[in-house]
Amino acid sequence: MKLSEWPGFSRLRFDTELKAFDGLMALFLSSAERAKKSGKKVVANGPFSPVDLIFAAGALAYDAYTHETIVHAVMNESLSMTGEAVDAGLSADFNPWNLMMVGAVVSRKNEVPIDAYSTACGCGDDQIKKSWQIMADATGSPVYFWDIPRFDAESEEWAIDFLIKEIRQLFSWLTSQTGKKVTDETIRDAIRQGNRLRQDLLEITQLLQFSPVPISALEYYMTQTFIGDYAQDAEALHQQYQVLLGELKKRVSQSRPTPGLKTKAPLRLYLVGEETQEFQLFNTIEDYGGALVGCDTRLSLYYEPVKEDGPVIENLARWMWKMPYNLPTAERIKATLPHIKKQQPDAIIISSVVGSRNLPGAERLVRDIIRDELSLPVLSIETTLPLENTEKVKSQIKDFIEMNTY
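All of these numbers come straight from a predicted model, not from anything done at the bench.

Chemist: Account for helix α7 (residues 126-139), with residues named and values stated.
Modeler: The end-to-end C-alpha distance of α7, which contains 14 residues, comes to 20 Å, matching closely the 20 Å that a straight helix rising 1.5 Å per residue would cover. Within the span of α7, buried status applies to Gln127, Ile128, Ser131, Trp132, Ile134, Met135 and Ala136. On its buried face, α7 is in contact with β1 (42-44), α4 (64-75), α6 (96-106), β3 (116-120) and β4 (143-146). Positioned one or two residues after α7, Gly140 has a phi angle of 65 degrees, which is positive.

Chemist: How would you summarise unusual backbone geometry if you had to cite specific residues and measurements?
Modeler: For the bond running from Ser211 to Pro212, omega is 5 degrees, close enough to zero to count as cis. The topology assignment puts Pro212 in the loop between α9 (184-207) and α10 (217-225). At Gln232, a residue that is not glycine, the phi angle is positive and equals roughly 65 degrees. For Gln232, the position within the fold is in the loop between α10 and α11 (234-253).

Chemist: Any details on the pattern of salt bridges? Residues and values, ideally.
Modeler: Following the criterion strictly, the structure yields 18 salt bridges and no others. Across the pair Lys37 and Glu33 runs a salt bridge whose closest N-O atoms are separated by 3.1 Å. Of the two residues, Lys37 and Glu33 are both situated in helix α2 (residues 31-38); the distance of four residues between them amounts to about one turn of the helix. Glu156 is paired through a salt bridge with Arg318; the nearest N and O atoms lie 2.9 Å apart. Linking Glu156 in helix α8 (residues 156-178) with Arg318 in helix α13 (residues 312-321), this pair joins segments that are 162 residues apart in sequence. Overall, the relative accessible area of 25% leaves Glu156 in the partly exposed class.

Chemist: Give a detailed account of the side chain of Glu68, specifying residues and quantitative values.
Modeler: As for its placement among the helices and strands, Glu68 is situated in helix α4. For Glu68, which is buried and forms no salt bridge, the nearest opposite charge comes from Lys109, at a distance of 11 Å.

Chemist: Give a description of the packing of aromatic side chains that names residues and reports values.
Modeler: Going through the model one piece at a time under the given rule, you end up with 13 aromatic pairs. Across the ring face of Phe145, the terminal group of Lys129 is positioned such that the distance to the ring centre comes to 5.4 Å. A cation sits over an aromatic face here: Arg198 above Trp319, 4.8 Å from the ring centre.

Chemist: Describe the nonpolar core, listing the residues and the values that go with them.
Modeler: Phe9, Met320 and Ile348 are the most contacted members of the largest nonpolar core, which totals 143 residues. Top contributing element to this core by residue count: α8, with nine residues. Setting aside residues up to four positions removed in sequence, Met320 forms contacts with Pro50, Leu53, Trp146, Ile148, Leu163, Ile167 and Asn326. One finds Ala73, Met81, Met100 and Leu385 within the second-largest nonpolar core, a separate group that totals five residues.

Chemist: Describe the sheet that holds strand β6 (residues 290-295), with residues and values.
Modeler: Ordered by their spatial adjacency, four strands build an open sheet running β6-β5-β7-β8, and the pairing between neighbours is parallel. Two strands in the sheet have a free side with no partner beyond their single neighbour: β6 and β8 (378-383). Ignoring which end each strand starts from, the neighbouring axes of this sheet average 30 degrees apart. Inspection of the sheet shows strand β5 (residues 267-273) paired to β6 by five bridges, in the parallel sense. Among the inter-strand pairings, Arg268 is bridged to a residue of β6, identified as Ala291. Taken strand by strand, helix α15 (residues 363-374) contacts β5, β7 (347-353) and β8, and its axis lies near 165 degrees from that of β7.

Chemist: Account for the environment of Glu363, with residues named and values stated.
Modeler: Structurally, Glu363 is set in helix α15. As for Glu363 and Ser352, which are separated by 11 residues in sequence, their C-alpha atoms are 8.2 Å apart. In this view, Glu363 contacts Ile350, Ser352 and Ser380; residues no more than four positions away in its chain are not counted.

Conventions we followed
Residues numbered from 1 in each chain as written. Predicted model: local features only at pLDDT ≥ 70, side-chain atom pairs only at ≥ 80, totals over all residues. Heavy atoms only, no water. Helix = DSSP H or I, 4+ residues; strand = E, 2+ residues; numbered from the N terminus. Expected span 1.5 Å × (residues − 1). Buried < 20%, exposed > 50% of the residue type's maximum accessible area, 1.4 Å probe, protein only. Contact = heavy atoms within 4.5 Å. Salt bridge = Lys/Arg side-chain N within 4 Å of Asp/Glu carboxyl O. Lys, Arg positive; Asp, Glu negative; His and termini not counted. Phe/Tyr/Trp six-rings, centres within 6.5 Å; stacked < 30°, edge-to-face > 60°. Lys NZ or Arg CZ within 6 Å of the ring centre and 35° of its normal. Core = buried A, V, L, I, M, F, W, Y, C linked by side-chain atoms within 4.5 Å. Pairing = 2+ DSSP bridges. Axes fitted to C-alpha atoms, helices over the stretch in contact; angles between N-to-C directions.

Geometric values such as these leave the question of function open.
Below, the structure written as structure tokens:
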């Protein structure tokens, strides 16, 4: 089935010249089939819950938050599914990603069969914990929560010691689910595979520093989402990322822009904040003379590789503790600034999502830090379910680009 044959995707403009993206989407759409054939347990994880641990235990990670939402809300436009989540006990005020995911699972329409649920509950995200509890209860499946302490430099040794214990306990639970023994070697192997993917995304992002930009905003945004569960196959995903890198490097060497760009000198935009279901905004950026040169939506999962030498569990603990997502808002933005600067943007867009408790309330702080540190113009947008505020966001982006185009 071609991407354009999906109702929601038919509204979007894809880069049909970028063949590697077809391979990535084929991986995405074949998740259920491949998971069943593998014979492995599938463990649903949260969007920022590191998955190296799940793979080290011989199971398959599944980022249901992202996958179920993209399929049901973005591709199929089955927006009424949020009602199923509310009927199951989820608050209608929760963000639309959680509502779509829970709606899909409790109505038994989830794309990939799930055997167990486990997620990190760092940063006080009670929406994730509540969502996972409802899904586990509705399906009669086991659930396990673990915690990543909020970053505080003065509490480093205590926090790392606590997190090491949390990881060991998680491994014990995973072993009870899979029957597979977790060893230093299985952990190292999972880290090595994860690091290859992290390096792939860092290299793809580096190519957006060039002008003209070699990849469209929509394809770049979607390419990052695979890091949430490695598409259940880290090796296959790495191969597809390498094919994509080859195509993008060729475009860079030929100074050939992505077909979506509407001008030879687009306004270079960097997206900060939360993920959006309003995929149309990525086409909109290019329609009105902009180009996306980076976004931090999944940066926390590939901001740097996990150290491979030395004590493997401690290495994982230290990497998780310093994930930008796990930092207080001000420190998170400051940790992201070097990544933003490398992309040489002309302006910043801050993305918030209705019902989220991560960025709203701190948005002014984020805007002030960016303006003080980078001296760049900033636009704040807020999105919800697909198509619900498309025209408003389109108008905001159009006006912002026109105002800042030199």
